[in-house]
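Secondary and tertiary structure notes
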Amino acid sequence: MGAKSEKSRILLTGAVGQIGSELAMALRARYGGQNVVAAGHKTEPEAELRDSGPFVYLDVTRRDMIREVIDEYRINTIYHLAAILSAVGEEKPQLTWQVNLDGLVNVLEMAREREMSQVFWPSSMAVFGPDTPKHDTPQETILRPTTMYGVTKVSGELLCDYYVDRFGLDVRGVRYPGIISSQTLPGGGTTDYAVEIFYEALKNQRYTCFLERDTVLPMMYMPDCIRATLMLMDADFEQLEHHADFNLTGFSFSPEELAAEIRKHMPAFEIEYEPDYRQQIAESWPCTIDDSAAREEWGWKPAYDLSTMVEDMLEKLEQRMGD
Ligand code: NAD
């Protein structure tokens, strides 16, 4: 478990996705472009990602493909982000099981076989379900999700912990809340509205939201998401009591609170509500999360709140959309 004793040679799966595309650049800034192999699936990478280091196409359900990349690039650390998210997961439950769990088993087995230093695998607040306490959801609590995505995340957490205990593999992970970002659009989750709203506000000054006005969910701004991920990977393994299941949060809000914050910058902005099947998924998740284990074990503290996130999102998107 000595990630820091040798030079990191990293494989990042899901590198073209919402989080992967920004994590790839953060890892390359830190470890050098050539030491971070970004793996996409079907979507073409942006030029910045393609040109700043090695880029490969990889199907994580194919163990032979993962093995080939690991051997070719002498990989010793894996950030495994490839997944099917919650909303798409309800449309394609069988595929979600295959990608999320068969993919994870493949990565863990390869990590064991090739004696990796570290594996990062994100879980999600989707591990919680309707029976879980909704406010200040504790670290140790009821995990009975009602989505296939949640089922794969609970199983994944158990599997990662099994590899830590049984094989001594250094596997770490957090339960990300909804992630808000300005670079890459989200890939089919229940909190996607909190990103779409900014694009529609800037283009049309109005947005039709697929969740009810008062549905409060835990969220986090991308700079905090990247910082949390790197902080956890830097932590001393011996000091960690938890491994792949840290509760994590930035701040919580409802669509109407987000709209009100956007209106402070754009008074003409209007929002309507037409809830769809994602409302039911959102209602099965917490409103607020207690992330004190992450704070105590590796010093987590978010930097952004609702108002600083909104200000930064509008500024970044105005710049990008104006280019
Ligand atoms: P995303 O959907 O934007 O990206 C996932 C990527 O996985 C996609 O680019 C997709 O092409 C790729 N993929 C799909 N099937 C594949 C396969 N068979 N082989 C290889 N790649 C495949 O997702 P994201 O938002 O960047 O999420 C990254 C991780 O973080 C996931 O594990 C997700 O469950 C977790 N997470 C995300 C959020 C969020 O709000 N974004 C919240 C909680 C947890």
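Rules used in this analysis
- Residues numbered from 1 in each chain as written.
- Predicted model: local features only at pLDDT ≥ 70, side-chain atom pairs only at ≥ 80, totals over all residues.
- Heavy atoms only, no water.
- Near = heavy atom within 4 Å.
- Polar contact = N/O pair within 3.5 Å; in protein donor to acceptor, adjacent residues only side chain to side chain.
- Areas by Shrake-Rupley, 256 points an atom, 1.4 Å probe, with all protein chains shown as cover.
- Helix = DSSP H or I, 4+ residues; strand = E, 2+ residues; numbered from the N terminus.
- Nonpolar A, V, L, I, M, F, W, Y, C, P; charged D, E, K, R; others polar.
- Expected span 1.5 Å × (residues − 1).
- Buried < 20%, exposed > 50% of the residue type's maximum accessible area, 1.4 Å probe, protein only.
- Pairing = 2+ DSSP bridges.
- Contact = heavy atoms within 4.5 Å.
- Domains from an automatic or database assignment.
- Buried area = accessible area lost by both parts, 1.4 Å probe.
- Salt bridge = Lys/Arg side-chain N within 4 Å of Asp/Glu carboxyl O.
- Disulfide = S-S within 2.5 Å.

Details of the site of the ligand
Around the ligand, 25 residues are found, and the nearest of them are Gln18, Ile19, Val60, Tyr149 and Ile179. A distance of 2.7 Å separates an oxygen atom of the ligand from a polar backbone atom of Gln18. Within the backbone of Ile179, an N or O atom sits 2.9 Å from an oxygen atom of the ligand. Computed on the free molecule, the ligand has an accessible area of 830 Å², of which 90% lies beneath the protein chains in the complex. Of all the elements in the fold, those that place two or more residues in the shell around the ligand are helix 1 (18-31), strand 6 (123-124), helix 6 (148-167) and strand 9 (178-180). It is helix 1 that provides the largest number of residues to the shell around the ligand, a total of three residues. A class-by-class count of the residues in the shell around the ligand yields 13 nonpolar, ten polar and two charged.

What about helix 1?
With 14 residues, helix 1 extends 21 Å from end C-alpha to end C-alpha; this agrees with the ideal 20 Å at 1.5 Å per step. Within the sequence span of helix 1, burial applies to Gln18, Ile19, Gly20, Ser21, Glu22, Leu23, Ala24, Leu27 and Arg28. Immediately beyond the C-terminal end of helix 1, within one or two residues, lies Gly32, with a positive phi of roughly 95°.

Remarks on the pairing of strand 14 (residues 270-273)
Looking along a regular strand, one sees side chains alternate from face to face of the sheet. Burial of strand 14 is one-sided: the residues Ile271 and Tyr273 facing one way are buried, the residues Glu270 and Glu272 facing the other way are not. Where strand 10 (residues 206-209) meets strand 14, four bridges bridge the pair, whose relative direction is parallel. Paired with Thr208 across the strands is Glu272, a residue of strand 14.

Quick notes on the environment of Lys134
Relative to the assigned elements, Lys134 resides in the loop between strand 6 and helix 6. Judged by its relative accessible area of 27%, Lys134 falls in the partly exposed class. Residues Lys134 and Pro286, 152 residues apart in the sequence, show an inter-C-alpha distance of 4.3 Å. Contact partners of Lys134, with chain neighbours within four places excluded, come to Glu283, Ser284, Trp285, Pro286, Cys287 and Thr288. There is a polar contact of 2.6 Å between the side chain of Lys134 and the backbone oxygen of Glu283.

Describing the domain arrangement of the protein
For the protein, the assigned domains are domain 1 (10-178 + 220-247) and domain 2 (180-219 + 250-287 + 304-322). The C-alpha-based centres of domain 1 and domain 2 are spaced at 25 Å. The interface of domain 1 with domain 2 comprises 28 residues on the first partner and 30 residues on the second. In this assembly, domain 1 packs against domain 2 so that about 2400 Å² is buried in total across both faces, 58% of it on carbon and sulfur atoms. Looking at the side of domain 1 facing domain 2, the largest losses of area belong to Gln18, Met125 and Tyr221, adding up to 30% of the total buried there. Put simply, domain 1 and domain 2 have zero salt bridges between them. Seen at the junction of domain 1 and domain 2, the total is 14 residue pairs in polar contact (both at pLDDT 80 or more). Of all the secondary-structure elements, those providing two or more residues to the side of domain 1 that touches domain 2 are helix 1, helix 4 (86-91), strand 11 (217-221) and helix 8 (222-234). In terms of residues, the side of domain 1 that touches domain 2 owes the most to one element, helix 4, which gives five residues. Broken down by class, the residue content of the side of domain 1 that touches domain 2 amounts to 13 nonpolar, ten polar and five charged.

Examining the state of the cysteines
In a disulfide, the sulfur atoms of two cysteines are covalently bonded to one another. For the coordinates displayed, the defined rule picks out zero disulfides. In this structure Cys225 is a free cysteine whose sulfur lies 17 Å from that of Cys160, the closest cysteine sulfur available.

With respect to the sheet that holds strand 6
As summarised here, the arrangement of the three strands in space is 6-8-12, forming an open sheet in which the pairing is parallel. Where the open sheet ends on each side, the last strands, each with one partner, are strand 6 and strand 12 (246-247).

A closer look at the sheet that holds strand 4 (residues 77-80)
Across a sheet, strands are paired by hydrogen bonds formed along the backbone, either parallel or antiparallel in direction. Pairing in this open sheet of six strands is parallel, and the strands run 3-2-1-4-5-7 from one edge to the other. Of all strands in the sheet, those with a lone pairing partner are strand 3 (55-57) and strand 7 (171-172), marking the two edges. The pairing of strand 2 (residues 36-40) with strand 3 spans three bridges and is parallel. Across the sheet, residue Ala39 finds its bridge partner in strand 3, namely Val56.

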